[in-house]
Amino acid sequence: MITVRQFTKNDFPAVQEIYRQGINSGNATFETRVKSWQQWHQAMLEPCRLVAEKDGNILGWASLSPISARAVYSGVAEVSIYIADSAQGQGIGRQLMSQLITMSEAHNLWTLQAAIFPENKASIHLHQKHGFKVLGVRKHLGKLKGVWRDVVLMERRSTQVGID
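Residues numbered from 1 in each chain as written. Predicted model: local features only at pLDDT ≥ 70, side-chain atom pairs only at ≥ 80, totals over all residues. Heavy atoms only, no water.

**Here's the deal with the packing of aromatic side chains**
Logical step 1: For the coordinates displayed, the defined rule picks out 10 aromatic pairs.
Logical step 2: Look at tyrosine 19 and tyrosine 82: their rings are 5.1 Å apart centre to centre, the planes differ by 75 degrees, and that puts the pair in the edge-to-face class. Of this pair, tyrosine 19 sits in helix H1 (residues 12-25) while tyrosine 82 sits in strand S4 (residues 76-83), and the two are 63 residues apart along the sequence.
Logical step 3: The buried category is assigned to tyrosine 19, whose relative accessible area is 7%. (Phe/Tyr/Trp six-rings, centres within 6.5 Å; stacked < 30°, edge-to-face > 60°. Helix = DSSP H or I, 4+ residues; strand = E, 2+ residues; numbered from the N terminus. Buried < 20%, exposed > 50% of the residue type's maximum accessible area, 1.4 Å probe, protein only.)

**Some thoughts on the environment of arginine 138**
Logical step 1: Relative to the assigned elements, arginine 138 resides in strand S6 (residues 133-144).
Logical step 2: Under the relative-accessibility criterion, arginine 138 is labelled partly exposed at 44%.
Logical step 3: The sequence separation of arginine 138 and alanine 122 amounts to 16 residues, and the corresponding C-alpha distance is 19 Å.

**Notes on the layout of surface pockets**
Logical step 1: In this model, the largest pocket occupies a volume close to 1,200 Å³.
Logical step 2: What lines the largest pocket is a set of 47 residues, among which Ala28, Ile81, Tyr82, Asn120 and Ser123 lie closest to the centre.
Logical step 3: If you list the elements that add at least two residues to the lining of the largest pocket, you get H1, strand S3 (57-66), S4, helix H3 (92-106), strand S5 (111-116), helix H4 (121-129), S6 and strand S7 (147-157).
Logical step 4: For the lining of the largest pocket, the class distribution of residues is 22 nonpolar, 18 polar and 7 charged. (1 Å grid on protein atoms, 1.4 Å probe; cavity = no way out; pocket = protein on both sides within 12 Å on 5 of 7 lines; lining within 4 Å. Points joined across faces, edges and corners; volume = space filled by probe spheres on them. Nonpolar A, V, L, I, M, F, W, Y, C, P; charged D, E, K, R; others polar.)

Read these as spatial facts, not as claims about activity.
Written as structure tokens, this is what we have:
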């Protein structure tokens, strides 16, 4: 049985390895190197970090990072969700995303956003199943290994956090 739980620092080596797999796929991130503990810890909102575990093995992780330090954007965060290569297609992303959304609303986040390579159809589908809408495609947003890449910009607005 898969358990989704709060991330602990002891989970970081597994999280780092899953992130490395995402980098190696070429369709998960513009990053080309894994983050150190300090970089990852500073980038992610501490209360909104999850791992999916089965039989003591971390199979995936999800977290939120603030999009800005400005107070006006305090309720807006970017989603990171990564599933181990060996665990893809097992519903782990669905479980992580569902709990991540619940946590985001408990912490008064009113907007979640994601920037996804168009080739990552599984991630786009996962986000859509959880209420994310496509806002548009940012053409040639950046280069990865010398190739210009587009990014699909997606957003989910909370139905729980009071937006007037």
